[in-house]
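Letter by letter, the chains look like this.
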Amino acid sequence: TIETVCVHFLDEKMWKVLKEFKDRIRILVWIHGAEVQPWWRRTCNYRTSKEEEDAKVASKGREELWNEVFGNRKDYNIHFIFVSQAFADEVCEDYKVVLDKNEYSIIHNCIDTDMFSYIPKTAEQRKKILSIRPYANRKYANDLSTKCILELSKKPFFKELEFCMYGDGELFEETLHPLEKFKNVHLHKEFLRQDEIAQLHKKYGLFLVPTRVDAQGVSRDEAMSSGLVAVTNGIPAILEFTDDECAIVTAPEDYKEMADGIEKLYNNPELFLKLSANARKRVEGQTSKKHTIDREVLLISGDI
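Since this is a predicted model, take the numbers as computed values, not measurements.

A.B. asks: Before we move on, could you go through the side chain of S105 and cite the residues and values that matter?
C.D. replies: Along the chain, S105 falls in strand β4 (residues 104-106). In this structure the side chain of S105 is engaged in a polar contact, spanning 2.7 Å, whose partner is the side chain of H79.

Printed below as a string of structure tokens:
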């Protein structure tokens, strides 16, 4: 007999089936982002009025689904799992719902600290900067990476730095085109396997990972697990996983502050080494297996 059903990326078809068994099963729903966010949460992605109108149409059914799920939740044995408190707060705000503490859990996405293992960095690695991002839309803020590097190109030490940019998507060429003139900026239009990413982490010291929309930021956490110092933007979810003791966290959209942060680490190798070690500790203490998968197992088994 099936007693508990675990659901990721709930949609209308899944819900149509699940609600038929409301008296017989316990439903655990993991909520990640794209499947629940209304169109206005991703306005940065829309480049034309048509794209915005299409997003509104696609969003309508999604909003109707979640309004029903949240509105009728008391009729079901249902529990929600969010990857961050900031994201949970955002969803509750969007759907005008107040969840009791026993109705949801915060369990972060797991970071494989064995695969993304830590080898202490050398001071020289503060000059080696890695970016691995999708180039599918503007929420990943890769344009800020380009602007940050252009700012750094004005600095006298710029030629001592090395940048390596990996990724793919329809925005790849237009986003990175301004960087093609620099011999110390290497562009790689490709996706990578996890083990390839883990190996790249060993060679670099900084991880350039700006963002506009995030619920957690797994690629950043994986880099931090490997001891890279993340250079990112302090939107609410990011502030739940980073601070000034383990990363360079700047104001949203502020590419000049990002460049200043990289310059600060260039001028202060001891600070770089401190943040690098703290980055690993932050992941071990927050998003490693015992804080994530182990908690999920307890939740599924009904022990928490």
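A.B. asks: Any details on the sheet that holds strand β2 (residues 26-31)? Residues and values, ideally.
C.D. replies: If you trace the 4 strands from one edge of the open sheet to the other, you get β1-β2-β3-β4, paired in parallel fashion. Looking at the sheet topology across the chains shown, the edges are occupied by β1 (4-8) and β4. Taking the axes of each pair of neighbouring strands and ignoring which way they run, one obtains an average angle of 20° across the sheet. Here β2 runs beside strand β3 (residues 77-82); their pairing, made up of 6 bridges, is parallel. Within β3, the position partnered with V29 by the bridge is F80. Along the sheet face, helix α11 (residues 293-301) touches β1, β2, β3 and β4 and points at about 155° away from the line of β2.

A.B. asks: How would you explain the state of the cysteines if you had to name every residue and give the values?
C.D. replies: Overall, the coordinates contain 0 disulfides when judged by the stated rule. Not part of a disulfide, C148 finds its nearest cysteine sulfur in C164, a span of 15 Å. A residue is classified by how much of its surface remains accessible, and C148, at 0% relative accessible area, is buried.

A.B. asks: How would you summarise the packing of aromatic side chains if you had to cite specific residues and measurements?
C.D. replies: Counted under the stated rule, the structure contains 10 aromatic pairs. Ring geometry for F158 versus F182: centroids 5.1 Å apart, planes at 70°, classification edge-to-face. With a gap of 24 residues between them, F158 in the loop between α4 (142-152) and β6 (162-168) and F182 in the loop between α5 (172-176) and β7 (185-189) connect regions that are remote in the sequence. The exposure class of F158 is buried, given its relative accessible area of 5%. The lysine or arginine in question, K139, covers the ring of Y140, its NZ or CZ lying 4.3 Å from the ring centre.

A.B. asks: Tell me about helix α6 (residues 194-201), residues and numbers included.
C.D. replies: Every buried residue belonging to α6 is among I197, A198, L200 and H201, and all of these are buried. For α6, the buried positions fall inside an angular range of 160° around the axis, keeping them on one side. For α6, the secondary structure elements touched by its buried residues are β5 (128-134), β6, β8 (206-208) and α7 (218-225).

A.B. asks: Account for the pairing of β5, naming residues and giving values.
C.D. replies: Counting buried positions along β5 gives 5 out of 7 residues, so the element sits mostly inside the fold. Examined bridge by bridge, β5 and β6 share 7 bridges and lie parallel to one another. Residue L130 lies in a different strand from β6, and its bridge partner there is C164. The pairing of β5 with β8 spans 2 bridges and is classified as parallel. Within the sheet, the bridge partner assigned to I129 lies in β8 and is L206.

A.B. asks: How would you explain the pairing of β2 if you had to name every residue and give the values?
C.D. replies: For β2, the tally of buried residues reaches 6 of 6 residues, placing the bulk of the element in the interior. Along β2, one buried face is formed by R26, L28 and W30 and the opposite face, lined by I27, V29 and I31, is buried too. Bridging between β1 and β2 involves 5 bridges; their strand directions are parallel. The residue of β2 that forms the bridge with V5 is I27.

A.B. asks: Please give an account of the pattern of salt bridges that cites residues and values.
C.D. replies: Tallied over the full model, the rule gives 24 salt bridges. Here K19 ties to E68 by a salt bridge, and the two come within 2.9 Å at their closest N and O atoms. Highlighted residues: K19 in the loop between α1 (12-18) and β2 and E68 in helix α2 (residues 49-71), separated in sequence by 49 residues. By relative accessible area, which is 27% here, K19 ends up partly exposed. For E68, a relative accessible area of 28% gives the class partly exposed. A salt bridge links E103 to R73; the shortest N-O distance between them is 2.7 Å. Here E103 is found in the loop between α3 (85-94) and β4, whereas its partner R73 is found in the loop between α2 and β3, with 30 residues between them in sequence. Through salt bridges with shared partners, a single network forms among R73, K74, D100 and E103.

How each quantity is defined
- Residues numbered from 1 in each chain as written.
- Predicted model: local features only at pLDDT ≥ 70, side-chain atom pairs only at ≥ 80, totals over all residues.
- Heavy atoms only, no water.
- Helix = DSSP H or I, 4+ residues; strand = E, 2+ residues; numbered from the N terminus.
- Polar contact = N/O pair within 3.5 Å; in protein donor to acceptor, adjacent residues only side chain to side chain.
- Pairing = 2+ DSSP bridges.
- Axes fitted to C-alpha atoms, helices over the stretch in contact; angles between N-to-C directions.
- Contact = heavy atoms within 4.5 Å.
- Disulfide = S-S within 2.5 Å.
- Buried < 20%, exposed > 50% of the residue type's maximum accessible area, 1.4 Å probe, protein only.
- Phe/Tyr/Trp six-rings, centres within 6.5 Å; stacked < 30°, edge-to-face > 60°.
- Lys NZ or Arg CZ within 6 Å of the ring centre and 35° of its normal.
- Arc of directions from axis to C-beta.
- Salt bridge = Lys/Arg side-chain N within 4 Å of Asp/Glu carboxyl O.

It is worth stressing that arrangement in space is one thing and function is another; only the former is reported here.
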